[in-house]
Amino acid sequence: MAVRFLIPLLIVYFLVVDAAIAVTFSSKLIHRFSDEAKAFFVSRNSNVSVDSWPKKRSLDYYRLLLGSDLKRQKLKLGAEYQLLFPYLGSQTLFFGDDFDWLHYTWIDIGTPNVSFLVALDAGSDLLWVPCDWDRDLNEYSPSLSSTSKPLSCNDQFCELGSNCKSSKEPCPYLVSYYSENTSSSGFLIEDRLHLASVSEHASQSSVWASVIIGCGRKQSGAYLDGAAPDGLMGLGPGDLSIPSLLAKAGLVRNTFSICFDDNYSGTIFFGDEGLATQKSTSFVPLEGKFVTYLIEVESYLVGSSSLKKAGFLALVDSGTSFTFLPYEIYEKVVVEFDKQVNATRSSFKGSPWKYCYNSSSQELLNIPTLTLVFAMNQSFIVHNPIIKLILGNQGFDVFCLSIQPIHKEFGIIGQNFMRGYRMVFDRENLKLGWSTSICQDTTDDV
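In short, a report on the structure.

Here is what the cut-offs are and how they apply
Think of each chain on its own: its residues are numbered from 1, step by step along the sequence as written. Under the rules for a predicted model, residues below a pLDDT of 70 receive no local features and side-chain atom pairs below 80 are neither given nor counted, while totals for whole chains, interfaces and linings still include all residues. Neither water nor hydrogens contribute to the side-chain values; these are computed over all heavy atoms in the structure. Two rings from Phe, Tyr or Trp (for Trp, the six-membered ring) form a pair when their centres are within 6.5 Å of each other. A pair whose planes differ by under 30 degrees is stacked, one over 60 is edge-to-face, and the rest are tilted. Numbered from the N terminus, helices here are DSSP runs of H or I no shorter than four residues, and strands are runs of E no shorter than two. When a residue's accessible area, from a 1.4 Å probe over protein chains only, is under 20% of the maximum for its type it is buried; when over 50% it is exposed; and in between it is partly exposed. Strand pairing requires that DSSP identify at least two bridges connecting the strands. Within this scheme a cavity is a closed region of a 1 Å grid, computed over the protein atoms alone, that accommodates a 1.4 Å probe without allowing it to escape, whereas a pocket is open but has protein on both sides within 12 Å along at least five of seven lines; lining residues each have an atom within 4 Å of a point. Grid points are joined across faces, edges and corners, and a volume is the space filled by probe spheres set on the points. Expected helix span is computed as 1.5 Å times (number of residues minus one). By definition in these notes, contact holds between two residues if any of their heavy atoms fall within 4.5 Å. Note on definitions: angles span 0 to 180 degrees between N-to-C directions of axes, and those axes are lines fitted to C-alpha atoms, for helices only across the stretch in contact.

1. Brief notes about the packing of aromatic side chains
So, point 1. Within the structure shown, the criterion is met by 15 aromatic pairs.
So, point 2. Relative to Phe 322, the ring of Tyr 62 lies with its centre 6.1 Å away and its plane at 55°, an arrangement referred to as tilted. Here Phe 322 lies in the loop between strand E17 (312-316) and strand E18 (323-326) and Tyr 62 lies in helix H2 (residues 59-72), a separation of 260 residues in the sequence.
So, point 3. Residue class for Tyr 62 comes out buried when judged on its relative accessible area of 1%.

Here is the structure:
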């Protein structure tokens, strides 16, 4: 079993909200290029070199993140992007071309419990882990867990029950992902997910919830290259997702929040309803169903200038590093931004963004605010829409507006717009909430 470098996963917080006691379980988010992730992957794979890890805020760092975003959207890379993301011969990173998950977290399942480092995905529902597989991964063996039991084909959660020959057979599952030929399949198992309960006045105790787990007997595509080290946890709105199962067990409300810190990592809080004073907007259905976290932006402001005909639908995707706007909206935003910023636009070889500026100091830049406006005049101010590029000893700093165009009818709100906010995905009331936060815990909102 691999050495575990990180603190066990889920910590319970007791919050006083409107004079009632609310419970949340927190889990640390581990960014794919963090020092913690690097230590884990180097320890597991002897072929991994520390030198292969991209330097934070370097061009390679941002190109890899943006390249993953593009794959995640199923975009076909044309000649423009082929120039932006060249492969560097033997320096290609060890995880292959499809290592596209942005965040990971530790979980503990079974009795006795086994630890797994799983990828997080808001676009799917099932939690699955490798099961009796012949690769260098932590493995879940139902036969070794005294609390495991197979999910039968006649269970309400068995979507593929019609494929079974007998209702008493174990329920099969098959989950396909956006990367070509990438899937996980096996059987569904019911077992315990362990949650660590910690308080200042008591020693650590264990809380558990019965959840449904995919026992992954066969993985294909990117998973053969280490795309999800020990499996994947879906955070989607479906009945099989961990937030739904925790709520069904009566442990928490059917909601969760995510908060990203300045190091691109952060924390997820299951059961967090947010503050009574937070702003919010409703999710909108996709083809009549709430299958993803989709919202409607009514207008867009750059500084104090309101752009005409700038409304659009947007997918709120914590697994995407950067924000993408429909092409017509993007053009309006960048042109107005360029008018208002008091710096000279410059081009830099290899930069993945077109609107970049140089300055001897960031404080000298007059950076216009970007604001998304929703129904009922609920505004979402982007705290810092630009990023700083490290280009060596240039004698000046380079700043880029970190948004991209997308040739689709809807946009994508990525992690760069969410930083500095406690983003609440309220699945009970079908709305997205937000409040400014320094992302330490759920009591630090400012």
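2. Structural notes on the sheet that holds strand E19 (residues 345-346)
Picture the strands of a sheet paired through backbone hydrogen bonds; they go either parallel or antiparallel.
So, point 1. Taken in spatial order, the four strands make up an open sheet running E19-E20-E24-E23, and their pairing is antiparallel. Two strands close off the open sheet at either side, each with one partner strand: E19 and strand E23 (386-389).
So, point 2. With four bridges connecting them, strand E20 (residues 356-359) and strand E24 (residues 397-401) associate as antiparallel partners. Residue Tyr 357 lies in a different strand from E24, and its bridge partner there is Phe 399.

3. Focus: empty space enclosed by the protein
So, point 1. Scanning all chains against the criterion turns up six cavities of 30 Å³ or more.
So, point 2. Its volume calculated, the largest cavity comes out at about 80 Å³.
So, point 3. As for the largest cavity, its lining consists of Leu 29, Arg 72, His 103, Leu 120, Asp 121, Ala 122, Leu 235, Ile 258, Phe 260, Asp 317, Ser 318 and Gly 319.
So, point 4. Residue assignment for the lining of the largest cavity shows that the elements contributing at least two residues are strand E4 (114-121) and strand E11 (255-260).

4. Considering the pairing of strand E27 (residues 421-426)
So, point 1. Most of E27 is tucked away: six of the six residues are buried.
So, point 2. Burial of E27 is two-sided: the residues Tyr 421, Met 423 and Phe 425 facing one way and the residues Arg 422, Val 424 and Asp 426 facing the other way are all buried.
So, point 3. Where E11 and E27 come together, five bridges link them in antiparallel fashion. What sits directly across from Ile 258, in E27, is Met 423.
So, point 4. The pairing of E27 with strand E28 (residues 431-436) spans six bridges and is classified as antiparallel.

5. Quick look at unusual backbone geometry
So, point 1. Residue Pro 112 follows Thr 111 across a cis peptide bond; omega there is 0°.
So, point 2. Positive phi outside glycine occurs at Glu 287, with the angle close to 55°.
So, point 3. Assignment of secondary structure puts Glu 287 in the loop between strand E13 (279-282) and strand E14 (294-297).
So, point 4. Phi is positive for Met 376, which is not a glycine, with a value near 60°.
So, point 5. Along the chain, the position of Met 376 falls in the loop between strand E21 (370-373) and strand E22 (379-382).
So, point 6. Here Met 376 falls in the exposed class, since its relative accessible area comes to 75%.

6. Here's the deal with H2
One turn of the α-helix equals 3.6 residues, which is why residues spaced by three or four share an orientation.
So, point 1. With 14 residues, H2 should reach 20 Å at 1.5 Å per residue; the first-to-last C-alpha distance of 20 Å fits that figure.
So, point 2. For H2, the tally of buried residues reaches 11 of 14 residues, placing the bulk of the element in the interior.
So, point 3. Every buried residue of H2 is accounted for by Leu 59, Tyr 61, Tyr 62, Arg 63, Leu 65, Leu 66, Gly 67, Ser 68, Asp 69, Leu 70 and Arg 72.

7. Let's talk about the sheet that holds E22
So, point 1. The sheet built from four strands is open, its strands ordered E16-E15-E21-E22 with antiparallel pairing. The outermost strands of the open sheet, each flanked by one partner alone, are strand E16 (305-306) and E22.
So, point 2. Sheet analysis places strand E15 (residues 299-302) next to E21, joined by four bridges and oriented antiparallel. Looking at E21, one finds that Ser 299 is bridged to Val 373.
So, point 3. Strands E15, E16 and E21 of the sheet are contacted by helix H5 (residues 327-340), whose axis makes an angle of about 20° with E15.

The analysis is restricted to geometry; functional conclusions fall outside its scope.
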